[in-house]
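Spelled out from the first residue to the last, the chains are:
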Amino acid sequence: MAVSEVQRPLDVLKSVFGFPGFRGMQGDIIDHVVKGGDCLVLMPTGGGKSLCYQVPALCRPGTAIVISPLIALMHDQVQALRQLGVRAAMLNSSLEFSEVRAVERDLLAGHLDLLYVAPERLLTDGFLSLLERIDIALFAIDEAHCVSQWGHDFRPEYRRLTVLHERFPAVPRIALTATADGPTRRDILERLALGDGRVFLSSFDRPNIRYRVSAKTSPRNQLRAFLDDHTGEAGVIYCLSRAKVEELASALSAEGRPALAYHAGLDKEVRAANQDRFLKEEGLIMVATIAFGMGIDKPDVRFVVHMDMPKSMEAYYQETGRAGRDGLKSEALMLYGMEDVAKLMQFTDASEAPEAQKRVERQKLDALIGYCETARCRRQVLLAYFEEDLAEPCGNCDTCLEPVKTFDGTEAAQKVMSAILRTGERFGAAHIIDILLGNATERMRQLNHDGLKTFGCGKEFGRDGWRSVIRQLAAMGLIQVDVEGHGGLHLGPDFRDVLKGERRIELKEDGVRARKAGSRGAA
Ligand code: ADP
Ligand code: ZN
């Protein structure tokens, strides 16, 4: 499509894309960019981010340069644009040398409306000097959260994108992302030097997704019960480890639930084939590590299950957000236990990251535990994390649908906390619970813990009950999991108030008292 004169955004939307009108903030964003303004666009997945730069690309003279880290996504977008008659191309590592040359020739000749380029390619001296010889309509920086090392998908090349601002100060830049909590958002603005640009913040609510979080007591049975409500539907099940992915995928298949596996350790061909089948066939379950999902656009994913706790609230939002892109009813289930928390702590601790970053990561984990253990509307808690205020409880999450009963758990809290204190704040949940239950194991005798005052003082609850108490106290910050990652528990800064009886502790009844009899948990 040759752009000989300046075109109006709405005309372009109608004539090129065939849509009657803009959605949400699209109109405002597009006007802003067409006029040459910089901005950061925060919009949930499926919100319609692409048009925010594609329409201005066609309204402004010159070629729009779109920076995207995902080759598959680039490819799909370019194909779709070409079908609409837009002159789009891409440059990335998947191209042959001759293809690269052809694209560069088109670019120099002014024959491209949009060029998608991978950041590492863009940042080469050769490419940057090429850009100096052409008219640039705008820079669009997709997946802008990649600039933040606090986000879940840090890409160091993104840090260097400030070069765009330095070398092409007159060209408008639009950064877009579907994930960004407050700190990440501020990081993007700073790192991309978008300081004076506007921020367009859409609601991140996905009202058609029903959120559920359950303590991991009997994960396979919990999963089966959930899947029974979703027979024949397509869904994604996330597991933390590759081994677990493969094992679960075959177990489900053996039970007659068609499931595929996906993780980074599988052959490239197998991965591609499984992904392809998941996208094309109906009613398949993809069992995957978090390697699966980025940039995958399947509208009718009906459920997302986390068999293990996700890494952060953002990761959770992003991963559950893959459900229900078509706007129809969908469900997200997360199973979690204290062991998951310990494992995530261990990852954080083992990483090479500087201390300040580790601290942020621990805070993020705390926020996630708080979400898991909340008695409030999950959607309110989730959106609050993204600094969005939902006025009323949503009516479409587990805590809204099955209101949480609470009881005075002060005494229970005191028992757990004094067992932790008396054993030197070193032992994990399993051992602490053995003390409360009075299980005189070999180890117990070796450590002389069977002589403690708290030994056997907690027979009112079962093992699962005590696990729930510990998780809830962890969510309140009264118990913390060791940063060394051995799962050892220690007490939070405010523990004295509770032990002295100066603070009343309200606990959720579910999981503590309800399942006392015969419960043996794996959580
Ligand atoms: P995002 O990148 O934010 O995940 P997309 O740009 O892929 O979202 O858009 C999601 C879907 O919504 C696409 O199928 C797109 O064609 C459609 N869409 C976006 N904006 C509009 C609009 N104004 N009118 C109709 N459909 C739209
Ligand atoms: Zn709710």
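Going along each chain's sequence as written, the residues are numbered from 1 onward. Chains carry letters from A onward and ligands carry numbers from 1 onward, assigned in written order. Confidence filtering applies because this is a predicted model: local features only for residues at pLDDT of at least 70, side-chain atom pairs given and counted only at 80 or more, and all residues used for totals across whole chains, interfaces and linings.

Peer 1: Got a minute to help me understand the overall build of the protein chain in this structure?
Peer 2: Each helix is a run of H or I in the DSSP string that is no shorter than four residues. Each strand is a run of E no shorter than two, and both are numbered from the N terminus. Scanning the protein chain from terminus to terminus reveals 23 helices and 17 strands. Projected onto its principal axes, the C-alpha positions of the protein chain cover 85 × 50 × 45 Å. Think of it as a crowd count around each C-beta: if 20 or more other C-beta atoms lie within 10 Å the residue is buried, if 12 or fewer it is exposed, and in between it is partly exposed, with C-beta placed from the backbone throughout. Burial analysis of the protein chain (523 residues in total) assigns 44% to the buried set. Sequence-distant contacts, at least 24 apart, represent 76% of the contacts inside the protein chain between residues at least 6 apart. Any residue pair is listed as a contact if its two C-beta atoms, each placed from the backbone, are within 7 Å.

Peer 1: Before we go on, may I ask you to explain the sheet that holds strand β7 (residues 198–201) in this structure?
Peer 2: What links the strands of a sheet is backbone hydrogen bonding, and the strands pair in either a parallel or an antiparallel sense. Taken in spatial order, the seven strands of this open sheet run β3-β4-β2-β5-β6-β1-β7, and their pairing is parallel. In this open sheet, the two strands that pair with only one neighbour each are β3 (88–91) and β7. Between one strand axis and the next, the sheet turns through 20 degrees on average, direction left out of account. In this scheme, strands are said to pair when DSSP sees at least two bridges between them. Relative to strand β6 (residues 173–177), strand β5 (residues 136–141) runs parallel, the two being bridged by three bridges. Residue F139 lies in a different strand from β6, and its bridge partner there is R173. Working convention: axes come from line fits to C-alpha atoms, limited for helices to the stretch in contact. Angles between N-to-C directions cover 0 to 180 degrees. On the sheet, helix α5 (residues 97–108) packs against β2 (63–67), β3 and β4 (114–117) and is oriented at approximately 130 degrees with respect to β3.

Peer 1: How should I be thinking about the packing of helix α1 (residues 9–17) against helix α3 (residues 50–59) in this particular structure?
Peer 2: For any two helices packed against each other, the geometry comes down to the angle between their axes and how far apart the axes lie. The geometry of α1 relative to α3 is characterised by a closest axis approach of 9 Å and an angle of 100 degrees between their N-to-C directions. As judged from the angle between their axes, α1 and α3 are roughly perpendicular. Every residue of α3 that contacts α1 at P9, V12, L13, V16 and F17 is listed here: L51, V55, L58 and C59. In terms of residue class, the contact of α1 with α3 is built from nine nonpolar, no polar and no charged. Here is the rule for angles: anything less than 35 degrees is roughly parallel, anything more than 145 is roughly antiparallel, 65 through 115 is roughly perpendicular, and the remaining ranges are oblique. Basically, the charged four are Asp, Glu, Lys and Arg, the nonpolar ten are Ala, Val, Leu, Ile, Met, Phe, Trp, Tyr, Cys and Pro, and anything else, Gly included, counts as polar.

Peer 1: Sorry if this is basic, but what is going on with unusual backbone geometry here?
Peer 2: Across the chain, the bulk of peptide bonds are trans and the bulk of non-glycine residues have phi less than zero. Of note, the phi angle at E387 is positive, near 60 degrees, even though the residue is not glycine. With respect to the helices and strands, E387 occurs in the loop between α17 (378–385) and α18 (398–401). You will see that N448, though not glycine, has its phi angle at about 60 degrees, which is positive. Assignment of secondary structure puts N448 in the loop between α21 (442–446) and α22 (463–475).

Peer 1: In this structure, what is going on with the confidence of the model for the protein chain? I would like to understand it.
Peer 2: Do not read the fine detail of predicted coordinates wherever pLDDT is low. A score between 0 and 100, pLDDT records how confident the predictor is in each residue. Scored by pLDDT, the protein chain has a mean of 90; 95% of the residues are at 70 or more. Every residue in residues 515–523 scores below 50 in pLDDT, and together they form 25 contacts with partners more than four places removed in sequence or on other chains. For this predicted complex, the interface confidence score (ipTM) comes to 0.98, while the overall pTM stands at 0.74.

Peer 1: Just checking my understanding: could you explain helix α20 (residues 429–437) for this structure?
Peer 2: It helps to recall that an α-helix has 3.6 residues per turn; residues three or four apart then point in one direction. Counting buried residues along α20, seven of its nine residues qualify, which places the element largely inside the surrounding structure. Of the residues making up α20, those classed as buried are A429, H431, I432, I433, D434, I435 and L436. Remark: G438 follows α20 within two positions and exhibits a positive phi of approximately 75 degrees.

Peer 1: Is there a simple way to think about the environment of A375 in this case?
Peer 2: With respect to the helices, strands and loops of the structure, A375 is situated in the loop between α16 (355–373) and α17. When the C-alpha atoms of A375 and D408 are compared, they prove to be 14 Å apart, with 33 residues separating the residues in sequence. A375 has contacts with T399, V404, T406 and K508, leaving out every residue within four places of it along the chain.

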